[in-house]
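Chain by chain, the residues run as shown.
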Amino acid sequence: VRATGRMVNSLVPLCPPHLPLFVTFSDPEITSMAYCEPSDVSEVYEKGTAHRFLRKRAEVLAGLKKRGGIVLESPPDELSVKLINRYLEIKSRMQL
């Protein structure tokens, strides 16, 4: 958690002149755990852990965006296409 806070705070001197792009993988399995109907006690704990993870992740990504970073979140199998499309979008807006 502390390391994440340092990463977010390190953006302040980067923006501008740089445009940091953070690429992160989403994990459908964690999302599935967070929204499943638990069938036993261990799944209740898994669900709670998954919810906390997703909430913290959302806070970190929001902090990166708030400080001027661009965030791309994607499942691993869709990363290439999404990354190219984001680059083209940034370029078309003349942000580079």
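What counts, and where the lines are drawn
- Residues numbered from 1 in each chain as written.
- Predicted model: local features only at pLDDT ≥ 70, side-chain atom pairs only at ≥ 80, totals over all residues.
- Heavy atoms only, no water.
- Helix = DSSP H or I, 4+ residues; strand = E, 2+ residues; numbered from the N terminus.
- Buried < 20%, exposed > 50% of the residue type's maximum accessible area, 1.4 Å probe, protein only.
- Contact = heavy atoms within 4.5 Å.
- Areas by Shrake-Rupley, 256 points an atom, 1.4 Å probe, with all protein chains shown as cover.
- Patch = residues over 30% accessible without salt bridge, like charges linked within 9 Å, V, L, I, M, F, W, Y side chains within 5 Å.
- Salt bridge = Lys/Arg side-chain N within 4 Å of Asp/Glu carboxyl O.

Moving on, we come to the overall build of the protein. Scanning the protein from terminus to terminus reveals four helices and two strands. Reading the secondary structure of the protein in the N-to-C direction produces α-β-α-α-β-α. Every one of the 96 residues in the protein was classed for burial, and the buried ones make up 22%. For the protein, long-range pairs separated by at least 24 residues make up 58% of all intrachain contacts whose partners lie at least 6 apart in sequence. As presented, the protein carries roughly 7,100 Å² of accessible surface, and 59% of it is formed by carbon and sulfur atoms.

To continue, consider a nonpolar patch on the surface. Residues Ile84, Tyr87, Leu88 and Leu96 make up a contiguous nonpolar surface patch of about 440 Å² in total accessible area. As for its placement among the helices and strands, Ile84 is situated in helix H4 (residues 79-92).

Turning our eyes to something else, we now look at the pattern of salt bridges. Per the counting criterion, the structure on display carries five salt bridges. For Glu73, the salt bridge goes to Arg57, with nearest N and O atoms at 2.8 Å. With a gap of 16 residues between them, Glu73 in strand E2 (residues 70-74) and Arg57 in helix H3 (residues 41-66) connect regions that are remote in the sequence. Judged by relative accessible area, which is 35%, Glu73 ranks as partly exposed. Overlapping salt bridges, with partners in common, bring together Arg86, Glu89 and Arg93 in one network.

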